[in-house]
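# Chain and residue survey
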Amino acid sequence: MRIFGYPAFAILQAPGESDPGSGFGTGLLGLIAESSLLSQGVLLSLLLLSILSWAISVFKLWQFRQIEGQTETFIDVFRKSGRFSEVQAACKSLAASPLTGVFQAGYVELNAQLRRSRDDDGSGGYRDAAARPALRSLDALDRALLRAASVEMVRLERHVPVLATTASIAPFIGLFGTVWGIIIAFQGIGETGSTSLAVVAPGIADALVATAAGLFAAIPAVYFYNHLTQKTKVVASAIDDFALEFLNIAERNFSP
Amino acid sequence: MREAASELLVERAREGDGLRRTLLGSSAAHLFVIATLLLAPADWFSRPAEETLDVMTLRLGGPEGPGVGGRTALGGRPVQEVVTLPEARRPQWIQPPAPAPPRMVLPVPEEVTRRRPEPETEVPTVPEEARGRRLTTGPEEVLGSTMADTGVQGIGIGLSGGGLGGSGGEVAIEDFCCPEYLATMLDLIRRRWDRHQRVTGTVIVRFEIGRSGRIDAVTVDRGSGYLALDLAAQRAVLLTRQIQPLPERFGQDTLNVRLTFEYRP
């Protein structure tokens, strides 16, 4: 059976063993094998970009799936718990959720303020049983939540710009390879002095492989970039929502 | 000095995200795709070759051909041919006779010499019908439809190799034993074909003739873009339904036919 990569295997054969009726140029790899070093470099860089963008896409999809599941669980735990310490205990198993990071930052800040409030009493303890520690600065707690949200957003958006970069430059790299290939092809045509289709077509086809490879790398990158950007916006909205909810609860329960 | 939550935030920001594993997976997947490209059959990536099933291609439409005989219209196209023109009737120029040489005559009185001499013979002029006519240049090439001896055997349906233009051009009957059978089949189908439509187009209908002469598997192989044309062509074949059994000389059990219906204004 004739396979698509037949010309590649023909390279490995000794010249005497090769089939004289089927030279290079009849398949994709034959075209690549015949192309110039620069064209091969272009194709290699596009392959690397494709590998990277697919790896990032798959990883981020997996990450967002994990985030969505754990965020839902975290919200459930948070709303059912009567104490922040119970939520804090659950955070270890829900570390993938960005809300966990926001909550922990707020919890640490809240604890720090309450501890200082306790220390300011001078006795190191409560003066009476009715007295309870009070929040010293709601703004400071807000800022801590804001910082945590910012860190979580950076985590969410990490590696996504690589997709945008791939989507932008891969077609241009491919186009560059094509233009270069066509230049080489026309030089060859000029040397042979023939303008027949049999002479022109292989060179053009060889050059166009680079454009095809560029589009192969760019199209999935565009799709996944838009998809992941949309998911990031949804999670960012959930983070803002949770931070405000946390602030309200803290103000309601720990205001002096 | 350090903010209370700073340590936690820094720790979360530094957390590894496991991208390395997916990078390895992506590399493996790309290698797999490349290997698939290498090892896959070539026809996966190219249009499959035209089906080599033994299918007869016939074409309906256009005028019907002659019943018998080897003289068929040469594609219905105008043909240049040298035609011998009849010899044009050239006007005969009548040369007036040369004036007679002067003769020695006796002087005559003046009143006699003034008189105009009467012409001895009447001089004929150029005939009226010869005026303004272009001189002929001999035989000329003219355009016209002509019959030429193509040396082929007509089968009465315009299906011979050099048959009617547009109607008998695509017939592969050289492998088929019995052109008369095709003539009958096409005649039956043509009777049920409503060729008079408002639009023009070409429909290719594919069907199968069984050993018993039954027509099955009627499908529109290539539509014209107009439902009415497609249906009219398909209907013609479906209505025919049963024709003569396949000739015994034809060895196969079925005869696959692609019939082209041409709708012309």
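The present account deals with the structure reproduced in this document. Numbers given for residues are sequential positions, taken from 1 along each chain in its written order. To read the labels, note that chains go from A and ligands from 1, taken in the order they are written. The predicted origin of the model limits local features to residues at a pLDDT of at least 70 and limits the giving and counting of side-chain atom pairs to 80 or more, whereas totals for whole chains, interfaces and linings rest on all residues. Calculation of side-chain values draws on the structure's entire complement of heavy atoms; hydrogens and water are dropped beforehand.

What follows is about the overall build of chain B. Each helix is a run of H or I in the DSSP string that is no shorter than four residues. Each strand is a run of E no shorter than two, and both are numbered from the N terminus. Assigned secondary structure in chain B consists of five helices and six strands. Beginning at the N terminus, the succession of helices and strands in chain B can be written as α-α-β-β-α-β-α-β-β-α-β. Out of the 265 residues in chain B, the part that is buried amounts to 30%. Note on contacts: a residue pair is in contact if any heavy atoms of the two residues lie within 4.5 Å. Across chain B, every contact between residues at least 6 apart in sequence was considered, and the portion connecting residues at least 24 apart equals 81%. Accessible surface, chain B: about 18,800 Å² in total, of which carbon and sulfur atoms supply 54%. Three exposure classes are used, based on accessible area relative to the maximum for each residue type with a 1.4 Å probe and protein chains only: buried under 20%, partly exposed in between, and exposed over 50%. Computed by Shrake-Rupley with a 1.4 Å probe, the accessible areas treat only the displayed protein chains as cover when residues are assessed.

Before going further, it helps to examine the overall build of chain A. A tally of helices and strands in chain A yields eight helices and zero strands. Along its sequence from the N terminus, chain A presents helices and strands in the succession α-α-α-α-α-α-α-α. The buried share of chain A, taken over its 256 residues, is 39%. Across chain A, every contact between residues at least 6 apart in sequence was considered, and the portion connecting residues at least 24 apart equals 75%. Taken as a whole, chain A presents about 13,900 Å² of accessible surface, with 62% of it coming from carbon and sulfur.

Time to look at the sheet that holds strand β5 (residues 215-222) of chain B. All names here are of chain B. Strand order in this open sheet of four strands is β1-β6-β4-β5, and the pairing throughout is mixed. Each of the sheet's edge strands pairs with one partner strand only, and the pair in question is β1 (55-60) and β5. Each neighbouring strand pair of the sheet contributes to a mean axis angle of 25°, computed without reference to strand direction. Pairs of strands are assigned from DSSP output, requiring at least two bridges between the strands. Examined bridge by bridge, β1 and strand β6 (residues 255-263) share six bridges and lie parallel to one another. Residue pairing across strands places R59 opposite T260, the latter belonging to β6. Helix-sheet contacts for helix α4 (residues 179-191) involve β1, β4 (201-209) and β6, and the interaxial angle to β1 is about 50°. Here, axes are lines fitted to C-alpha atoms. For helices the fit covers the stretch in contact, and angles between N-to-C directions go from 0 to 180 degrees.

A few words now on a nonpolar patch on the surface. Residues and elements named next belong to chain A. Only residues whose relative accessible area exceeds 30% and that form no salt bridge enter a patch; like-charged residues are grouped when within 9 Å of one another, and nonpolar side chains (Val, Leu, Ile, Met, Phe, Trp, Tyr) when within 5 Å. When a carboxyl oxygen of Asp or Glu is within 4 Å of a side-chain nitrogen of Lys or Arg, the pair counts as a salt bridge. Taken together, L38, F172, L175, F176, V179, W180, I183 and I184 make up a surface patch of nonpolar side chains, about 720 Å² in accessible area. For the nonpolar patch, the element with the highest residue contribution is helix α7 (residues 160-192), accounting for seven residues. Topologically, L175 is positioned in helix α7.

For the rest of this paragraph, the subject is the environment of I249(A). If you trace the backbone, I249(A) turns up in helix α8 (residues 197-254). Apart from residues no more than four positions distant in its own chain, I249(A) is found in contact with F78(A) and F84(A).

All names here are of chain A. Pairing of aromatic rings covers Phe, Tyr and Trp, the last counted by its six-membered ring, and requires centre-to-centre distances within 6.5 Å; plane angles under 30 degrees mean stacked, over 60 mean edge-to-face, and any other angle means tilted. Applying the stated criterion across every chain, the model contains 18 aromatic pairs over all chains. Aromatic pair F84 and F246: ring centres 4.9 Å apart, planes at 10°, arrangement stacked. With F84 in helix α4 (residues 84-90) and F246 in helix α8, this pair connects stretches of sequence that are 162 residues apart. For F84, a relative accessible area of 13% puts it in the buried group. Among the aromatic residues, those joined into a cluster by ring pairs are F74, F78, F84, F103, Y107, F242, F246 and F254.

Residue and element names in this part refer to chain A. It is the contact of helix α5 (residues 98-119) with helix α6 (residues 138-157), at a shortest axis distance of 8 Å, that shows an interaxial angle of 155°. In terms of axis orientation, α5 runs roughly antiparallel to α6. In terms of crossing hand, the pair formed by α5 and α6 is right-handed. Counting all contacts with α5, which are made through P98, G101, V102, A105, G106, E109, L110 and Q113, the residues of α6 involved are A140, L141, A144, L145, A148, A149 and E152. Put simply, Ala, Val, Leu, Ile, Met, Phe, Trp, Tyr, Cys and Pro go in the nonpolar bin, Asp, Glu, Lys and Arg in the charged bin, and everything else, Gly too, in the polar bin. Considered class by class, the residues forming the contact of α5 with α6 number 10 nonpolar, three polar and two charged. Each angle gets one of four labels, with under 35 degrees taken as roughly parallel, over 145 as roughly antiparallel, 65 to 115 as roughly perpendicular, and the rest as oblique. What makes a crossing left-handed is the near helix being turned counterclockwise from the far one by less than a right angle; a clockwise turn instead makes it right-handed.

This part takes up the environment of L188(B). Considering the arrangement of structural elements, one finds L188(B) in helix α4. Between the alpha carbons of L188(B) and A236(B) there is a distance of 8.9 Å; along the sequence they are 48 residues apart.

With that settled, consider the environment of Y181(B). Residues and elements named next belong to chain B. Relative to the assigned elements, Y181 resides in helix α4. A residue is classified by how much of its surface remains accessible, and Y181, at 5% relative accessible area, is buried. With residues near it in sequence (within four places) discarded, Y181 still touches F176, I209, G213, I243, Q244, P245, L246, P247 and L255. One polar contact links the side chain of Y181 to the main-chain carbonyl oxygen of Q244, over a distance of 2.7 Å. Polar contacts, as used here, are pairs of N or O atoms within 3.5 Å; protein pairs need one atom able to donate a hydrogen and one able to accept it. Residues neighboring in sequence count only if both atoms are side-chain atoms.

What follows concerns the pairing of β6(B). Residues and elements named next belong to chain B. For β6, the buried fraction is high: eight of the nine residues fall into the buried class. One ladder, built from nine bridges, connects β4 with β6; its direction is antiparallel. Within the sheet, the bridge partner assigned to G201 lies in β6 and is Y263.

Quick look at the nonpolar core now. The nonpolar core is taken to be a set of buried Ala, Val, Leu, Ile, Met, Phe, Trp, Tyr and Cys residues, with the residues joined through side-chain atoms within 4.5 Å. Ranked by size, the top nonpolar core spans 40 residues in total, and within it F74(A), F78(A), F84(A), F103(A), F242(A) and F246(A) carry the most contacts. Put simply, the parts of the chain that give this core at least two residues each are α3 (37-80), α4, α5, α6 and α8 of chain A together with α1 (6-14) of chain B. The greatest single-element share of this core, amounting to 10 residues, is contributed by α8(A). Filtering out sequence-adjacent residues up to four positions away, F78(A) remains in contact with F84(A), V87(A), F103(A), F242(A), E245(A), F246(A) and I249(A). Formed by 31 residues, the second largest nonpolar core is a distinct cluster that contains L60(B), L182(B), A232(B) and Y263(B).

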